[in-house]
Every structure is written in C-alpha cells, then in structure tokens.
Amino acid sequence: MYDSYFKVSKVSVFWGMKRVRNRVLMRHRGRYKSLMEFTKQRVNSNTKQYSIEGVNVVLYVMSNEVKEYSESSEILSRTNTFDKAYLMGSYYSGTHAKAYLRFYNDEENKVYEVYDVTGHMPYFLTDEEPDRIRQMRNVVNDKSFSHLEIVKKYDLLRGKEVRLTKVVVKDPQAVRRLRNYFKNVWEARIKYHDNYIFDNGLIPGMLYRAEKGVLKEVEVRIPREVIELFESAVKDLPEDLKRNALRYVPLFEAKPPKIKRLAIDIEVYTPFKGRIPDAVKTPYPIISIALTSNDGLRKVLLLARDGIEIGDLRRMPKDYEVEIFDSERALILEAFRIINSYPLILTFNGDEFDLPYLHNRAMVLGIDPELNPIVEVRDFVSIKHGFHIDLYKFFSIEAIQNYAFGSAYKEKTLDAIAQALLGEAKVKLEEAVGDLSLSELAEYNSTDSSLTLRLTTFNDELVWKLIILIMRLAKMSLEDVTRRKVSAWIKNLMYWEHRRRNYLIPNEDELLKIKGVVKTSAKI
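Residues numbered from 1 in each chain as written. Predicted model: local features only at pLDDT ≥ 70, side-chain atom pairs only at ≥ 80, totals over all residues. Heavy atoms only, no water.

A.B. asks: For this particular structure, what's the right way to read the sheet that holds strand β10 (residues 145–155)?
C.D. replies: What holds strands together in a sheet is hydrogen bonding between their backbones, with the strands either parallel or antiparallel. Ordered in space as β10-β11-β9-β12, the four strands form an open sheet in which the pairing is antiparallel. Both outer strands of the open sheet, β10 and β12 (185–186), are each paired with one neighbouring strand and no more. Relative to β12, strand β9 (residues 123–126) is paired through two bridges, and the arrangement is antiparallel. Across the sheet, Thr 126 pairs through a bridge with Val 185, a residue of β12. (Pairing = 2+ DSSP bridges. Helix = DSSP H or I, 4+ residues; strand = E, 2+ residues; numbered from the N terminus.)

Here's what the structure looks like:
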C-alpha cells in the first residue's frame, strides 16, 4: 500500500505532479510502473483538473494501483549464438572465471553477452625453462597456477626467433602476483580483457555473428570505386605495406551502430554553495534527475521539499515531462526504470559523481541492490546491462581537444565545450542549486542533460562516429577508448598487430636499453 499524497490545498496542490507535454499529473511513491503507462490504461475518477498559467493540471488524489516495477533490464541477453551485432567491449567475470564480450544489435536494441568457449586463460611469458619453473614452489603451488606451455615468438628487437615458456594461470590477478618471482617476463602487464581481444584478432566496433560461441566477422561490402581510390593512394608503397593499408579500408567504410542512448544529469542538495557533495557517503538527497535520449524521451524527476515553491510554470523546460515526487526513494527507482531501457548511458563527469552518487545514495536509502543497474567495472563506473561514456573524460583527451576539434574549447567544462561545439551554454545560476524553485531546477537540470546528449548527436553524430572509428583503429573497447589517452590507443594497436604476426611484445625498459631514448618535438 502507499501513503497518500499531501493534502489538497492552495499550498500543496502542485506537489507530486508530473507535467507531460501540456499536462501535469500527480503520482504516489512506492514501487510502480511508468505513470504514463498507468494513466493510458485507465481513467481514474479520483481526479481534479485545473488550468494554471496556461498549463493543464490533472491532480491524482489516489493511485494505489501503480505497483509494478521492473527489477532488471530486458535489453541484455546472455547467449552464444546471434546473427549480427557490433562488438562493443571485452570484459572479465570473476564469478565465471572467464572473459566475455558484449555486442550490440541496433536493429533489435539488444545487448548480447557472449562468454568464452575456447578455454582462453590469462598468462605471461618468461625465458625460464619449464623444469626450472616446476621447482619454484611459490609459483606451482599457487592456487591460481594452471600449467606451462612452450611457445615460439619472433623477437623484433633482436631479430631472431625465441623459445619461451608461457605461464598460464586461472585468473588475471595471479599474473601480477606470480610475475614477481621471475627475472625476465614479457607480456605480463597487459590487461586481460585487452589480451583476449589481441589473441582472438577481434576488432571492436565491427559487425560479428556468433554460432555456439564461435565468432566470425561480417564481411563489409565496399564499392569498387572506393577500393580503387585507396589503391591509388598507396600505389607507391612496398607490397607488404600496401596490403596492410588496404586491410584498414573496411574499418572506415563499415557503418557505425545506431545505438539508443540516454544522457543523465543529477542535482544534489547541499547546504554549502559551490561544494560538491561526497559521492561515496552521499549525505544529502538527490533533488533532481534529468534524462534525455536520442529517441525522444525528455524527462525531469524532481523531489518535493518543504519550503521550496514550484515557481513560474512557464520556466518549466519545453517538451519535457516533469514529474515531482514526495519520496527520494521513488524518484531513484523511476530513474533506474528508465536507465534499464537504454543500452548506453551518457554523463559529464559521471564516473566521479553522477553514477557513483546515484548508486550509493540508493544503498543508503535501502533500495535492493538487485534493482540498482549501476556497477563498478575496472577503473570506471558502468551499467549492468550495457555501457557508459563519461564525456568529460572523452573531451579531456588532448588529441580530441587539440586535433579533432582544433582547440575550439580551452576549458574542459560542459559549459565551455557546449558553447564551442553547439553554440549553447548552461543555464547561469545566481543562487545555490538547493535554493532554486522546482521550475528553475528543472530548467537548469534539463539543460545540462540535453547538452550532454547533443555533444554526441550534433553534426550528423560526428562524435559518436569518431568514437567508433577510434575503437576500430585502436582495437579497444568502447568504455576504454573514451577514457584513455592517444598513447594508449597507439600502444593497443601495436600490441594487436604484434599478436597477429606472432611477434614478441617488448617491455618498455628493453626498448630504452636497446634502442635508446627517442624524443620528438612539435613544430608549429
């Protein structure tokens, strides 16, 4: 059962209302389905209608029937067979002790999770002989040690083939632990999810089909005139370089996935103006969550608070649904319900603030962790059923700032980047967020969410297409390529090429010792 809303009076008539295009609807706290779904399914006789400043208001006095809540996303499907989907990322599951891949099918809006079926395991290389290693008790008696293999690699630095021992382990953490027992090791500092991409010759951002876990890249049909154009551009190169260059043609020509995405921005009450609340302890309530998608969803969820007026309704953001709750817990659950409908979440500084605060605040309020779609992955924050891009980190990459956008923005803030690339700015505030009227808060919050989304959709989705292309070139997962510097992109590509050709990946200290220090200087 649910608590009734505030008493209907001149003061509280607006609390709990939801503005849907040109209507305002009231709802109750608790576990529920979307209010729009609820109101479309039945006509409630317990309503009163008003017209306030040109806005039609429908006041729902009772809504006890709104009880359903989706506990998990229907987007994610764990399978090992599908016809066609884009490879978006590589991960490791400690629970299953396996690598797994995530693909996106943009025709069905589905994320496929495919676990390894090849028996691939973490490893590193050493020049110690197997007989010697079997005498190393700290290694072979380790709970994660699996077995040894002999491999042959071509050492480019020394110009010869080398015979090495592969130390195979059961989990990636064991590589960090066991490598310290050896004098010489190679390929011991490569992240396992990257290793999995390299060893299987996979290209993130490209289309694949899967049959019982066996992956095959979908061939890209390239017009003859495009191939001829590429061939003319590389005609003077040696044959091996020419062949290698032509291998990159599909990476440029394949269409990017048309992914549904949702931009999220939260506002948190704080008694101290200008101070960012602690995203771990989450001492203060979330007072607003704005959600904007590329498929038309425009919504602001607001928390009703004592002493805060609704303000001028004409300042409510246009084309947005504005829903006001008397329960922070219900507000967060509604946000989770919406998040579960999208495979890609966009934020601006969401790794450090928005998503951690939303996740941890839900825990503080006692929301069942099973209902929480937010999860920590490696060194960033993501969602259980899909992907998360923190656009602050992407636009902070110097190569993106200086080369892709020609230093159009100097400061790495949402306001500066949006003004430079979109020609629009954030809403200017003259008082603390917590002191804004609900109408002003909705306007401020929705603008930030809208700007965040449009940073990926402007100019025919330029940024999204750029991200996909970099994924393909760098052979890097979506959630990594948008957070790592250009040096990491290049290193990843080189590692992938080394594995493809069975070259030994050298250590950094070897390069410095044998080849010396290489310095470059920019010429302006």
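A.B. asks: Sorry, what's going on with the environment of Ser 437 here?
C.D. replies: Structurally, Ser 437 can be placed in the loop between α13 (414–421) and α14 (438–474). Note: C-alpha distance between Ser 437 and Asp 312 (125 residues apart in sequence) is 8.2 Å. Excluding residues that lie within four positions of it along the chain, Ser 437 makes contacts with Ile 308, Glu 309, Ile 310 and Gly 311. (Contact = heavy atoms within 4.5 Å.)

A.B. asks: Just checking my understanding: could you explain the packing of helix α5 (residues 192–199) against helix α16 (residues 486–500) for this structure?
C.D. replies: Two measures define how a pair of helices packs: the angle their axes make with one another and the distance between the axes. Interaxial distance between α5 and α16 falls to 8 Å at its minimum, and their mutual angle equals 45°. Looking at the two axes, α5 sits oblique to α16. The two elements α5 and α16 cross, and the hand of that crossing is right-handed. Between α5 and α16, the residues in contact are Asp 194, Asn 195, Ile 197, Phe 198 and Asp 199 and Asn 492, Tyr 495, Trp 496 and Arg 499, respectively. In terms of residue class, the contact of α5 with α16 is built from four nonpolar, two polar and three charged. (Axes fitted to C-alpha atoms, helices over the stretch in contact; angles between N-to-C directions. Parallel < 35°, antiparallel > 145°, perpendicular 65-115°, else oblique. Left-handed = near helix turned anticlockwise from the far one by under 90°. Nonpolar A, V, L, I, M, F, W, Y, C, P; charged D, E, K, R; others polar.)

A.B. asks: Before we go on, may I ask you to explain unusual backbone geometry in this structure?
C.D. replies: Excluding glycine, a negative phi dihedral is what most residues carry, and trans is how most peptide bonds are arranged. Of note, Asn 109 is a non-glycine position whose phi angle comes to about 55°, a positive value. Of note, Asn 109 is situated in the loop between β7 (98–105) and β8 (110–115). At Asn 349, a position not held by glycine, the phi torsion is positive, near 75°. Along the chain, Asn 349 turns up in the loop between β19 (344–347) and α10 (350–364). Judged by relative accessible area, Asn 349 falls into the partly exposed class, the value being 25%. (Buried < 20%, exposed > 50% of the residue type's maximum accessible area, 1.4 Å probe, protein only.)

A.B. asks: So what exactly am I meant to see when it comes to the packing of aromatic side chains here?
C.D. replies: Two measures describe an aromatic ring pair: the distance that separates the ring centres and the angle between the ring planes. Per the stated rule, a full pass over the model turns up 16 aromatic pairs. Plain terms: the ring middles of Phe 82 and Tyr 112 are 4.9 Å apart, the flat faces sit at 20° to each other, and that makes the pair stacked. With Phe 82 in strand β6 (residues 82–93) and Tyr 112 in strand β8, this residue pair connects regions lying 30 residues apart in the sequence. Note on Phe 82: relative accessible area 7%, which makes it buried. (Phe/Tyr/Trp six-rings, centres within 6.5 Å; stacked < 30°, edge-to-face > 60°.)

A.B. asks: Help me out: how do you make sense of the sheet that holds β6 in this one?
C.D. replies: Spatially, the six strands line up as an open sheet ordered β5-β8-β7-β6-β13-β14, and their pairing is mixed. The sheet terminates laterally at β5 (76–78) and β14 (214–217), the two strands that pair on one side only. In this sheet, neighbouring strand axes are inclined to one another by 40° on average, regardless of whether the strands run parallel or antiparallel. The strands that α5 touches are β6 and β7; relative to β6, the one it contacts most, it runs at about 140°.

A.B. asks: Looking at this structure, I do not really get the nonpolar core. What am I missing?
C.D. replies: Across soluble globular proteins, nonpolar side chains show a tendency to be buried alongside one another. By size, the foremost hydrophobic cluster in this structure holds 50 residues, and its most contacted members are Ile 286 and Ile 289. For this core, the secondary-structure elements that each account for two or more residues are β15 (261–268), β16 (286–293), β17 (298–303), β18 (321–325), α9 (328–339), α10, β21 (380–383) and α14. Every residue in contact with Ile 289, bar those within four places of it in the chain, is listed here: Ile 264, Asp 265, Ile 266, Lys 299, Val 300, Leu 301, Leu 331, Ala 335, Leu 358 and Asn 445. (Core = buried A, V, L, I, M, F, W, Y, C linked by side-chain atoms within 4.5 Å.)

A.B. asks: Help me understand the side chain of His 498 in this model?
C.D. replies: Its place among the elements puts His 498 in helix α16. The exposure class assigned to His 498 is buried, which follows from its relative accessible area of 13%. Discounting residues that sit within four places of it in the chain, His 498 has contacts with Leu 156, Tyr 503, Leu 504, Ile 505 and Pro 506.

A.B. asks: What should I look at first to understand the packing of α9 against α10 in this one?
C.D. replies: Running from N to C, α9 and α10 cross one another at 130°; their axes reach a closest spacing of 11 Å. Regarding the angle of α9 to α10, the classification is oblique. For α9 against α10, the interelement crossing comes out left-handed. Contacts between α9 and α10 involve Glu 328, Ile 332, Phe 336 and Ile 339 from the first element and Leu 358, Arg 361 and Ala 362 from the second. For the contact of α9 with α10, the residue count by class is five nonpolar, no polar and two charged.

A.B. asks: Would you mind showing me how to read the pairing of β7 here?
C.D. replies: Within a regular strand, side chains alternate between the sheet's two faces. Among the eight residues of β7, seven are classified as buried, and the element is accordingly described as predominantly covered. Where β6 meets β7, seven bridges bridge the pair, whose relative direction is antiparallel. The residue of β7 that forms the bridge with Gly 89 is Arg 102. As consecutive antiparallel partners, β6 and β7 are separated by four residues, and within that stretch Ala 97 has a phi angle of approximately 55°, a positive value. Bridge count for β7 against β8 is six bridges, and the pairing is antiparallel. Paired with Tyr 100 across the bridge in β8 is Tyr 115. Between β7 and the antiparallel strand that follows it, β8, lie four residues; Asn 109 among them carries a positive phi value of about 55°.

A.B. asks: Just to check I follow, could you spell out the pattern of salt bridges for this structure?
C.D. replies: When charged atoms on two side chains of opposite charge get close, those side chains can pair. Taken as a whole and judged by the stated rule, the model has 36 salt bridges. The closest approach of N and O atoms between Arg 224 and Glu 228, which form a salt bridge, is 3.5 Å. Remark: Glu 228 and Arg 224 occur in helix α6 (residues 224–233); sequence separation between them is four residues, near one turn of the helix. What makes Arg 224 partly exposed here is its relative accessible area of 47%. Overall, the relative accessible area of 43% leaves Glu 228 in the partly exposed class. One salt bridge in this structure joins Lys 299 and Glu 321, with 3.5 Å as the shortest N-O distance. (Salt bridge = Lys/Arg side-chain N within 4 Å of Asp/Glu carboxyl O.)

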